[in-house]
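One-letter residues, chain by chain:
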Amino acid sequence: MLKLIHTADWHLGQTFHGQERHAEHRLFLDWLLDTLVAREADALLVAGDVFDVVNPSLAAQALLYDFIVSAHERLPALDIVLIAGNHDSGNRIELPAPLMRRLRTHALGRVCWLDDGSLDAERLLVPLTDAHGETRAWCLALPFLRPAEVTGHGLAPAEANEGEPLSDKPRNDYVAGISRVHEQLIDAARKRRAPGQALVAMSHAHLHGAAVSEASERPIVIGGEESISAGLFPADIAYVALGHLHRAQQVGEARIRYSGSPLPLDFSEVNYPHQVVEAVLEGESPAQVEAIAVPRPVAMNRVGPGELDEVLAELEALPHAPSLPRERWPWLEVRVALTAPVPDLRARVEAALDGKTVRLLRLERRLPQQAADGMPERVDLEQLGPRKLFQRTWEKQWGEPPGDDVLADFDQLLQDVLDTHEEPRSGEPRP
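In short, a report on the structure. (Residues numbered from 1 in each chain as written. Predicted model: local features only at pLDDT ≥ 70, side-chain atom pairs only at ≥ 80, totals over all residues. Heavy atoms only, no water.)

### Let's talk about the sheet that holds strand β16 (residues 331–337)
The line we're drawing: In this scheme, strands are said to pair when DSSP sees at least two bridges between them. Only DSSP runs of H or I covering at least 4 residues are called helices, and only runs of E covering at least 2 are called strands; the numbering of each starts at the N terminus. Throughout, an axis means a line fitted to C-alpha atoms (over the contacting stretch in the case of helices), and angles, computed between N-to-C directions, take values from 0 to 180 degrees. Should any heavy atoms of two residues lie within 4.5 Å, those residues are counted as being in contact.
Taken in spatial order, the 3 strands of this open sheet run β15-β16-β17, and their pairing is parallel. Each having just a single partner strand, β15 (300–307) and β17 (359–366) make up the two edges of the open sheet. Here the strands of the sheet are splayed against their neighbours by 15° on average, with no regard to which way each runs. Here β16 pairs with β17 via 7 bridges, running parallel. Along β17, the bridge assignment pairs A337 with R366. Contacting β15 and β16, helix α7 (residues 308–316) crosses the sheet at an angle of about 150° to β15.

See below:
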């Protein structure tokens, strides 16, 4: 028997509307360590987006490395496998890999290719051992694949679909490249394992049919056409540990799962459960899969949308907990529906919160549309996003929507910017 704990999308170092969340992440990691010990786990799988940005702060890195050291001290036989997600720098994830291996931690940030163009699969195969040191499974640890890493590798020109519009070809090459990497890695794992050993796949990707969060996730490839099929994981893969989507869910089968993020990363993620997943394997097959709810160390409250008087009354009724340390005060979003501008709105909201142990992060004003009166339409840039904003601007300028080739060029440019982006601006939706 082998017992795995699957988690993903920690986003260590996230700034939430300009506020640090180190205390929340520390409390989650403390809880996770206690859970690993209590459940006598054999392995911990972290399926990407370990950090929130490619250049995480020293404090964020310290959270990860302190956790790994503590886990090894309390569970010396525990195998930890973590992969880079689209928020991570693959090179940074792998930089301390030689040291982490001494702590039974395997960090995979990128794929490599052999001289013949085939995947270097051996470096992505990690043995998972039980309490007696016996290898019970092989983990296929596949980090997030950027287009430049997979297009042109192991994909013969004849395999490209002829007659496609030019704007579709990069996308199809990318999806074909991802599929080829999965196939080669699975083939190598089948050859490597002995009878009775299970196969466990880890991937940071967007699968067809999976549900995304309302406003907190950016597509891995801009435009959203990067999603791949769950059919890439054949039946002899006992468990598939996925990362990227923050909503915990299975995709088609109980063995194919997103653990989801352990903490809400945006107010839009407050109303669904956050968890880690325990998977128990017997031989080559899954025996049990169980969701373990993660306690929320800091509450996230949304008030409204409602009329001003109603919202103010609700704010005044919020509970007061003077003994609560400030780092545990709830985060608060307030949404007010107005019929006309209220210049002192913030002052009135803050007065209603006077003495309350909450941290106001966001105040949203909702005014009626003024377009019918000849006034310009109000646009919420945070909700609109760069792609839709570009489409609207192009159509206003040229009197027609942008063509597929123009959108493809814009998508590639935006992806290049996001791949080198170091720090999200305060108040942006999750990149």
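From this point, the narrative continues.
### Here's the deal with the packing of aromatic side chains
The condition that has to hold: Only rings of Phe, Tyr and Trp enter the pairing, Trp through its six-membered ring, and a pair is recorded when the two centres are within 6.5 Å. The plane angle decides the type: under 30 degrees is stacked, over 60 is edge-to-face, the rest tilted. For every residue, the accessible area (1.4 Å probe, protein chains only) is compared with the maximum for its type, and the residue is labelled buried under 20%, exposed over 50%, or partly exposed between those bounds.
A complete count under the given rule lists 7 aromatic pairs for this structure. For the ring pair W10 and F28, a centre distance of 5.9 Å and an interplane angle of 75° mean the geometry is edge-to-face. Here the residue W10 occupies a position in the loop between β1 (2–7) and β2 (15–16), and F28 occupies one in helix α1 (residues 22–38), the gap between them amounting to 18 residues. Among the residues examined, F28 registers a relative accessible area of 2% and is labelled buried. Taking 5.8 Å as the distance between ring centres and 85° as the angle between the ring planes, the aromatic pair formed by W10 and F67 counts as edge-to-face. Of the two residues, W10 is situated in the loop between β1 and β2 and F67 in helix α2 (residues 58–74); the sequence distance between them amounts to 57 residues.

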